[in-house]
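What the coordinates show
The chain contents come next:
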Amino acid sequence: MPRSVNSVASRARRKKILKQTRGNFLARKNVWTVAKNTYEKGLGYAYRDRKQKKRNFRSLWIQRINAAAREHGMNYSQFIGALAKQNVGLNRKVLADLALNNPQAFEAVINSVKAQ
C-alpha cells in the first residue's frame, strides 16, 4: 500500500497563515516558522487590545468631561457625584460627546446639576 500524506491540507493550512502575514517586514511574511510566530503574537495582541480599547476610551471620555466641567467651575469628581445624587442616566460616553460636540447642552446639564 502506498504511503499516504496530507500535503494538500498542510499546504492549505500554511497558505492561510502566510496570507494573514502579508505586509509584514522581511522574513515575517514568507518564512513559515517566523510568519507563524508573528501571526500568533498578533492574535495575542489583538485579544489584549480589545480589552485595552475599552479602558482607553473610558479614560478619554473622563478627560473630556473633566475639561468641560472645569470650564464651568466644577471638577470631574464633583460633577459625577452630583449626577449620581440626582439619578441622571447619562453615561460617560454621552457626556463626553455632549461636551465635545454640543457645549450648550453640556452647559445645561451642568446648570441643572448646580441648581440642586
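Keep in mind that what you see is a predicted model, and the values were worked out from it rather than measured.

Rules used in this analysis
- Residue numbers restart at each chain and count upward from 1, following the sequence in its written direction.
- The predicted nature of this model means local features are confined to residues of pLDDT at least 70 and side-chain atom pairs, given and counted, to a pLDDT of 80 or more, with totals for whole chains, interfaces and linings taken over all residues.
- Note: side-chain values were computed over all heavy atoms of the structure, leaving out hydrogens and water.
- For each residue, the accessible area found with a 1.4 Å probe, counting protein chains only, is set against the maximum for its type, and the residue is called buried under 20%, exposed over 50%, and partly exposed in between.
- Going along the chain from the N terminus, every DSSP run of H or I of four or more residues is numbered as a helix, and every run of E of two or more is numbered as a strand.
- This arc corresponds to the set of directions leading from the helix axis out to the C-beta atoms.
- Contacts are assigned to residue pairs with any non-hydrogen atoms lying within 4.5 Å of each other.
- For salt bridges, the criterion is a side-chain nitrogen of Lys or Arg within 4 Å of an Asp or Glu carboxyl oxygen.

Our focus in this paragraph is helix H4 (residues 92-101). Those residues of H4 not exposed but buried are Leu 95, Ala 96, Leu 98 and Ala 99. When H4 is viewed along its axis, its buried side chains cluster within an angular range of 160° and face the same direction. Away from the buried face of H4 by more than 90 degrees, exposed residues Lys 93, Leu 100 and Asn 101 are located. For H4, the secondary structure elements touched by its buried residues are helix H2 (32-71), helix H3 (76-85) and helix H5 (103-115).

Taken as a whole and assessed by the stated rule, the structure comprises two salt bridges. For Lys 36, the salt bridge goes to Glu 40, with nearest N and O atoms at 3.0 Å. Separated by four residues within a single helix, Lys 36 and Glu 40 lie in helix H2, roughly one turn from each other. Lys 36 gets classed as partly exposed once you look at its relative accessible area, which sits at 29%. According to the relative accessible area criterion, Glu 40 is partly exposed, its value standing at 42%.

The next subject is the side chain of Thr 38. Within the secondary structure, Thr 38 is located in helix H2. Relative accessible area serves as the criterion here: at 14%, Thr 38 is assigned to the buried category.

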